[in-house]
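Remarks on the overall topology
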Amino acid sequence: MLAMSFRGPQRVRVQQKPMPEIKHPEDAIVRVTRSCICGSDLHLYNGNVPDTRVGMTFGHEFIGEVVEIGSEVTKLKVGDMVIVPFNVACGRCHFCKQGMFGNCHEANPEATAVGGFFGYAHIGGGYDGGQAEYARVPYANVSPTVIPEGMDPDDAVLLTDVVPTGYQAAEMAGIQPGDTVVVFGAGPVGIMAARCAWLFGAGRVIVLDEYDYRLEFVKNYAKCEAYNFKKDMEDVAMFIKKQTDWMGADCCIDAVGAEAAGNAVQTITGRKLLLQGGSATAMHWAINSVKKGGIISVVGVYGPTDNLIPLGNFMNKGLTMRGNQTSVKRLLPRLIEHVQNGTLNPKGIITHRIPLEEAAEGYRLFSDKLDNIIKPVLIPPSAR
Ligand SMILES: [Zn+2]
Ligand SMILES: [Zn+2]
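Residues numbered from 1 in each chain as written. Chains lettered and ligands numbered in written order. Predicted model: local features only at pLDDT ≥ 70, side-chain atom pairs only at ≥ 80, totals over all residues. Heavy atoms only, no water.

Before going further, it helps to spend a moment on the nonpolar core. Core analysis: the biggest nonpolar cluster contains 76 residues, and Leu159, Val183, Val218 and Ile349 have the highest contact counts within it. In terms of residues, this core owes the most to one element, helix H5 (residues 188-197), which gives seven residues. Residues lining this core come from more than one domain, with at least three contributed by each of domain 1 (2-161 + 326-379) and domain 2 (163-323). (Core = buried A, V, L, I, M, F, W, Y, C linked by side-chain atoms within 4.5 Å. Buried < 20%, exposed > 50% of the residue type's maximum accessible area, 1.4 Å probe, protein only. Helix = DSSP H or I, 4+ residues; strand = E, 2+ residues; numbered from the N terminus. Domains from an automatic or database assignment.)

Those protein atoms acting as donors to the zinc ion (ligand 1) are Cys38 (SG), His60 (NE2), Glu61 (OE) and Asp161 (OD), and they sit at 1.9 to 2.2 Å. For glutamate 61, a relative accessible area of 0% translates into the label buried. We classify aspartate 161 as buried; its relative accessible area is 6%. (Donors = N, O, S within 2.8 Å, 3.2 Å for Na, K, Ca; no water.)

Turning next to the coordination of the zinc ion (ligand 2). Protein coordination at the zinc ion (ligand 2): the donors are Cys90 (SG), Cys93 (SG), Cys96 (SG) and Cys104 (SG), at 2.3 to 2.4 Å from the metal. Accessibility expressed as a relative area gives 2% for cysteine 90, which makes it buried. With relative accessibility at 2%, the residue cysteine 104 sits in the buried group.

All right, on to the packing of helix H4 (residues 162-172) against helix H11 (residues 328-340) then. It is the contact of H4 with H11, at a shortest axis distance of 10 Å, that shows an interaxial angle of 100°. Classified by the interaxial angle, the pair formed by H4 and H11 is roughly perpendicular. Listed contacts from H11 to Val163, Pro164, Tyr167, Gln168 and Glu171 of H4 are Val328, Arg330, Leu331, Arg334, Leu335 and His338. Grouping the amino acids of the contact of H4 with H11 by side-chain chemistry returns six nonpolar, two polar and three charged. (Axes fitted to C-alpha atoms, helices over the stretch in contact; angles between N-to-C directions. Parallel < 35°, antiparallel > 145°, perpendicular 65-115°, else oblique. Contact = heavy atoms within 4.5 Å. Nonpolar A, V, L, I, M, F, W, Y, C, P; charged D, E, K, R; others polar.)

Our focus in this paragraph is empty space enclosed by the protein. Under the counting rule described, the total for this entry stands at one cavity of 30 Å³ or more. Considered as a void within the structure, the largest cavity measures approximately 40 Å³ in volume. Every residue along the wall of the largest cavity is listed here: Val84, Pro85, Asn87, Val88, Ala89, Phe118, Val137, Pro138, Tyr139, Ser143 and Pro144. Its residues assigned to classes, the lining of the largest cavity comprises nine nonpolar, two polar and no charged. (1 Å grid on protein atoms, 1.4 Å probe; cavity = no way out; pocket = protein on both sides within 12 Å on 5 of 7 lines; lining within 4 Å. Points joined across faces, edges and corners; volume = space filled by probe spheres on them.)

Following this line, the structure appears as C-alpha cells:
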C-alpha cells in the first residue's frame, strides 16, 4: 500500500509499505478515505519531537472504512465508515475510566504523561498513522465512532482532532459569561478554539498570529478580533492590557506550542539548539497577558523536557494553568450534534485537498505557510 514515510527533518515521501495486519483480537484495519496534516505533524516534520524514527507514517486525523476486524471486535463491523479519534486508548485503565482517553495508561506503556497517538513518533507509542491507504486501529471497540448518516466526510475528519481540541481548549479555559478570551495562534486549532469560545459565553475573543492571511481567515470564520503580533504591537502583554482596561484577559489559550515565533531567545534555545522542549513564547505571553487569578489553557504541544517560562509571574499572579491532550471520545457525542445542527462548520477550514501521493508537497506548503493554506487534507487514490 501507499504510505507517507518520514525520512528525516523536512523530508517525507510516499512509498510502498506492507499492508497493516491484525496483531491483536481487538484490532481493526481501516481503509483510509481522508487524512489531514496537522500542525503538530509539523513538529515531527521539523525534527522537534524526540524519537521520531525514519520510516514512521504520520497521521492522527483520519477516517475510513472498516475492512477487517479481529475476533474480539464487537462494536464495529466490516463496511462501517468510522471517525478514528487521534488517541489510542484502551478504554479500561484508571484514566480511560474517567474519560481521560488522552492519558491512557496502557496504550503507551513507555510514557508516564501521555497516552497513545496514531502516527506520533515513538514517544506516542510508535503506532503508524493514517497518512496511508490503510491503517491498523488498536482497541477498536473503544474510540472509533461510526460516521452518522448524512455527515460530510470533510466534517467527519475534523472531528478526529481539530474540533475536539479547539473545543476542549475553550472548555479548559473556564470561560464565564462575558469573559475576554485571548487565543494565541490562528492555526486550525486556534481558529476552532476561538469559534468554540463563543459557545461557552465569551464576551470578546481576540486572536494573535504572525500571518495576515490566517488572521483574515479567523476574523471571518470565528467572528473575532485578530491582530498581528509582529505588526500591530510592540509588546504583546502590554497590548492585551491596553485592550482590557489594564486588567488583562480573563482567559488565555495557547494554541501554538513548541514552534512559536516572536522571541529570539526562545526560538534559538527551543527550536534551533533544542535546549528546551520547544520555544515557550506563546506560554510566556499567556502568563503575562492574563489577569491576576486568570486561567491559561494549553493545547499547543510542547516537548517533554523543561521550558523557560516566567514561573515567578505565574506564581505571583495566582494563575491556574490547565492543559491536556484532548479526550476525543468524551467530546464526540456533543460535537457531532453541533455539526449536525449547523452550530459548527468544521469543513469550512479545509483549504487544500491533496492526493496522498503528493503528501510531501502538502507538508511543504503547510510548514512554509504558502498558498494561504489553513488546513490540508490528503485523499488516497481509492477515495477519489
Ligand atoms: Zn492533530
Ligand atoms: Zn486506558
